[in-house]
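# Chain and residue survey
So the chains spell out like this:
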Amino acid sequence: MASEDKSPRPLGDLERLVMEQLWAASAALTVREVHERLSRTRELAYTTVMTVLDRLAKKKLTERERDGKAWRYRAAAPREELAADLMRDALDRAGDRREALVRFVGQVSDEEAALLREALSRLDGQERTG
């Protein structure tokens, strides 16, 4: 069961909103800065933002550092890495991996299918040269 605790989970709505602010920022942000940015489009309590950031840090999705009395938060990884981790976790939980992959590929757009072909080709080329 302990290994399940480390597997990524999809972000909740508030977690996603907070992470979007961190991914968009050029530097680490304080709770107040995240709250101010979110307040432009949503009414949220400061303590709610603080709780979400604390939970994200405990989930290792953010890194934090002290800045005086405040914490500064930054995303621990790019959003693409989180997406890849979530896809890998879903595949690990699928049961029949082949069937899950076939169904996934059957649902992608033509553009996404082309991107998948390109990525597989690039990886195949790396294996030959590496």
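As a reminder, the structure under discussion sits directly above these lines.
First, a word on what this report is: a plain description of the structure on this page.

Each value, and the rule that gives it
- Residues numbered from 1 in each chain as written.
- Predicted model: local features only at pLDDT ≥ 70, side-chain atom pairs only at ≥ 80, totals over all residues.
- Heavy atoms only, no water.
- Salt bridge = Lys/Arg side-chain N within 4 Å of Asp/Glu carboxyl O.
- Helix = DSSP H or I, 4+ residues; strand = E, 2+ residues; numbered from the N terminus.
- Buried < 20%, exposed > 50% of the residue type's maximum accessible area, 1.4 Å probe, protein only.
- Core = buried A, V, L, I, M, F, W, Y, C linked by side-chain atoms within 4.5 Å.
- Contact = heavy atoms within 4.5 Å.
- Pairing = 2+ DSSP bridges.
- Phe/Tyr/Trp six-rings, centres within 6.5 Å; stacked < 30°, edge-to-face > 60°.
- Lys NZ or Arg CZ within 6 Å of the ring centre and 35° of its normal.
- Arc of directions from axis to C-beta.
- Axes fitted to C-alpha atoms, helices over the stretch in contact; angles between N-to-C directions.
- Parallel < 35°, antiparallel > 145°, perpendicular 65-115°, else oblique.
- Nonpolar A, V, L, I, M, F, W, Y, C, P; charged D, E, K, R; others polar.

Further remarks concern the pattern of salt bridges. Counted by the stated rule, this structure contains 12 salt bridges. E99 is the partner of R103 in a salt bridge, and the nearest nitrogen-oxygen pair spans 2.8 Å. Here R103 pairs with E99, and both are found in helix 6 (residues 97-107), just 4 residues apart, close to one helical turn. A relative accessible area of 55% places R103 in the exposed class. Given the relative accessible area of 32%, E99 is considered partly exposed. Among the charged side chains, a network of salt bridges with common partners joins E33, D67 and R72.

Our focus in this paragraph is the nonpolar core. In a soluble, globular protein the nonpolar side chains are often hidden away together inside. Counting residues in each nonpolar core, the largest one holds 20 residues, and the members touching the most others are V18, L22, V34 and L53. Taken together, the elements giving at least two residues each to this core come down to helix 2 (13-24), helix 3 (31-39), helix 4 (46-58) and strand 3 (70-75). Here this core gets 5 residues from one element, more than from any other, and that element is helix 4. The contact partners of L53, leaving out residues within four places of it in the chain, are V18, L22, V31, V34, T62 and Y73.

Read across the open sheet, the 3 strands follow the order 1-3-2; overall the sheet is antiparallel. Strands at the two margins of the open sheet, each flanked by one partner only, are strand 1 (29-30) and strand 2 (62-67). Summarising the sheet, strand 1 and strand 3 pair through 2 bridges and their orientation is antiparallel. Across the sheet, L29 pairs through a bridge with Y73, a residue of strand 3.

Time to look at the pairing of strand 2. Bridge analysis of strand 2 against strand 3 gives 6 bridges, and the strand direction is antiparallel. For D67, the partnering residue across the bridge sits in strand 3 and is A70. Between the end of strand 2 and the start of strand 3, which pair antiparallel, lie 2 residues, with G68 showing a positive phi angle near 70°.

Inspection of every chain in the model, using the stated rule, returns 0 aromatic pairs. Just above the ring of W71 sits the side chain of R64; from NZ or CZ to the centre is 4.5 Å. Positioned over the ring face of W71 is R66, at 4.3 Å from the centre of the ring.

What follows is about helix 3. Residues separated by three or four positions in an α-helix point in the same direction, a consequence of the helix having 3.6 residues per turn. Along helix 3, the residues classified as buried are V31, V34, H35 and L38. End-on view of helix 3: buried residues confined to an arc of 100°, all on one side of the axis. Against helix 2, strand 1, helix 4 and strand 3 lie the buried residues of helix 3.

Moving on, we come to the packing of helix 2 against helix 4. For the pair helix 2 and helix 4, interaxial distance at closest approach is 10 Å and the crossing angle is 80°. Put simply, helix 2 runs roughly perpendicular to helix 4. For the pair helix 2 and helix 4, contact is made by L14, E15, V18, M19 and L22 and by T48, V52, L53 and L56, respectively. Of the residues assigned to the contact of helix 2 with helix 4, the class counts are 7 nonpolar, 1 polar and 1 charged.

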